[in-house]
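Remarks on the overall topology
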Amino acid sequence: MNPIQVGVVMGSSSDWDTMQHAVQILQDFGVAHEARVVSAHRMPDDMFAYAESAADRGLKAIIAGAGGAAHLPGMLAAKTVVPVLGVPVASKHLSGVDSLHSIVQMPKGVPVATFAIGAAGAANAALFAVALLANENPALRQRLQAFRAEQTAAARAMTLPTP
């Protein structure tokens, strides 16, 4: 069994609709991962323990999705040297813009890579994690190159309707 390399965490189970897109990409690439709820507000001790143990457990990246106040990515990044990839989850009132602003506005010294709001951001965060891992894994690099070639071929094959 492969050791877990990427953690996918979210502030609540309602974030799963967005974060499942990250998990699907990791599964497609065969990257060992875990997915769990680690709320910065409801379970801060668990969140700190998760962040503090991440490197020792072998995690190479943490994809953290959060909506609303979106403290989870920044709080994790403050407690670990493992790269944190922040995914803003769309909120009911501000469509995720509040989450985006919360994640992207980290103070100097607390780096969080921030991705687009919602499913596209979750998928891209997972692809970014795959790219990080591919630096040390030639087979994974080849799968990522093949994936990108497929995307390019699909874009070239698109036809526009003639007027």
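Higher on the page you've got the structure.
I will try to describe carefully the structure that is included in this document. Numbers given for residues are sequential positions, taken from 1 along each chain in its written order. Reporting of local features is limited, given that this is a predicted model, to residues whose pLDDT is at least 70; pairs of side-chain atoms are given and counted only at 80 or more, and all residues count toward the totals for whole chains, interfaces and linings. Remark: hydrogens and water are excluded; side-chain values derive from all non-hydrogen atoms of the structure.

This part is about the sheet that holds strand β1 (residues 6–10). Pairing between strands is defined by DSSP: at least two bridges between the two strands are required. Put simply, DSSP H or I for four residues or longer makes a helix, DSSP E for two residues or longer makes a strand, and each gets a number counted from the N terminus. Pairing is parallel across the open sheet formed by five strands, whose spatial order is β2-β1-β3-β4-β5. With partners counted over all chains shown, the strands left at the sheet margins are β2 (33–37) and β5 (113–114), one partner each. Bridge count between strand β4 (residues 84–88) and β5: two bridges; the pairing is parallel. Among the inter-strand pairings, Leu85 is bridged to a residue of β5, identified as Ala113. Across the sheet, helix α3 (residues 72–79) touches β1, β3 (61–66) and β4, and the angle it forms with β3 is around 150 degrees. In what follows, a contact means two residues having at least one pair of non-hydrogen atoms within 4.5 Å. Fitted lines through C-alpha atoms give the axes, limited to the stretch in contact for helices. The angle between two N-to-C directions lies from 0 to 180 degrees.

Bridging between β1 and β2 involves five bridges; their strand directions are parallel. Looking across to β2, one finds that Met10 is bridged to Val37. With respect to chirality, the unit in which β1 leads through helix α1 (residues 16–28) into the neighbouring parallel β2 is right-handed. For crossovers, right-handed means that the path from the first strand over the helix to the second runs clockwise, given strands pointing away from the viewer.

Moving on, we come to the side chain of Thr18. Inspection of the secondary structure puts Thr18 in helix α1. Judged by relative accessible area, Thr18 falls into the buried class, the value being 12%. When neighbours within four sequence positions are excluded, Thr18 is seen to be in contact with Val87, Val89, Gly118, Ala119 and Ala122. The classification of residues rests on relative accessible area computed with a 1.4 Å probe and restricted to protein chains. Under 20% of the type maximum is buried, over 50% is exposed, and intermediate values are partly exposed.

Below, the discussion takes up the environment of His41. Inspection of the secondary structure assignment puts His41 in the loop between β2 and α2 (44–53). When the C-alpha atoms of His41 and Leu72 are compared, they prove to be 8.3 Å apart, with 31 residues separating the residues in sequence. Dropping the residues within four chain positions of it, His41 is found in contact with Ala69 and His71. A polar contact is formed between the side chain of His41 and the side chain of His71, at a distance of 2.7 Å. N or O atoms closer than or at 3.5 Å make up a polar contact, with two conditions inside protein: a donor-capable atom paired with an acceptor-capable one, and, for residues adjacent in sequence, both atoms drawn from side chains.

A few words on the pattern of salt bridges. The term salt bridge refers to a pairing of a side-chain nitrogen on Lys or Arg with a carboxyl oxygen on Asp or Glu at a separation within 4 Å. For the structure on display, the rule yields three salt bridges. One salt bridge in this structure joins Glu34 and Arg36, with 3.3 Å as the shortest N-O distance. The class for Glu34 is buried, based on a relative accessible area of 8%. Look at Arg36 and you get partly exposed, because its relative accessible area is 37%. Glu52 is paired through a salt bridge with Lys79; the nearest N and O atoms lie 2.9 Å apart. In this pair, Glu52 sits in helix α2 while Lys79 sits in helix α3, placing the two residues 27 residues apart along the sequence. Overall, Glu52 belongs to the partly exposed group, its relative accessible area being 46%. Owing to a relative accessible area of 35%, Lys79 belongs among the partly exposed residues under this scheme.

Interhelical geometry of helix α5 (residues 119–134) versus helix α6 (residues 138–157) gives an angle of 140 degrees and a closest axis separation of 8 Å. Taken together, α5 and α6 sit at an angle that is classed as oblique. Crossing handedness for the pair α5 and α6: left-handed. Across from Leu127, Val130, Ala131, Leu133 and Ala134 in α5, the residues of α6 making contact are Pro138, Leu140, Arg141, Leu144 and Phe147. Note that Gly is not counted as nonpolar here; it falls among the polar residues with everything else outside the nonpolar set of Ala, Val, Leu, Ile, Met, Phe, Trp, Tyr, Cys and Pro and the charged set of Asp, Glu, Lys and Arg. Across the contact of α5 with α6, the residue classes break down as nine nonpolar, no polar and one charged. For classification purposes, angles smaller than 35 degrees are called roughly parallel, those larger than 145 roughly antiparallel, those between 65 and 115 roughly perpendicular, and all remaining angles oblique. For any helix crossing, the convention is left-handed if the near helix is rotated counterclockwise from the far helix by under a right angle, and right-handed if that rotation is clockwise.

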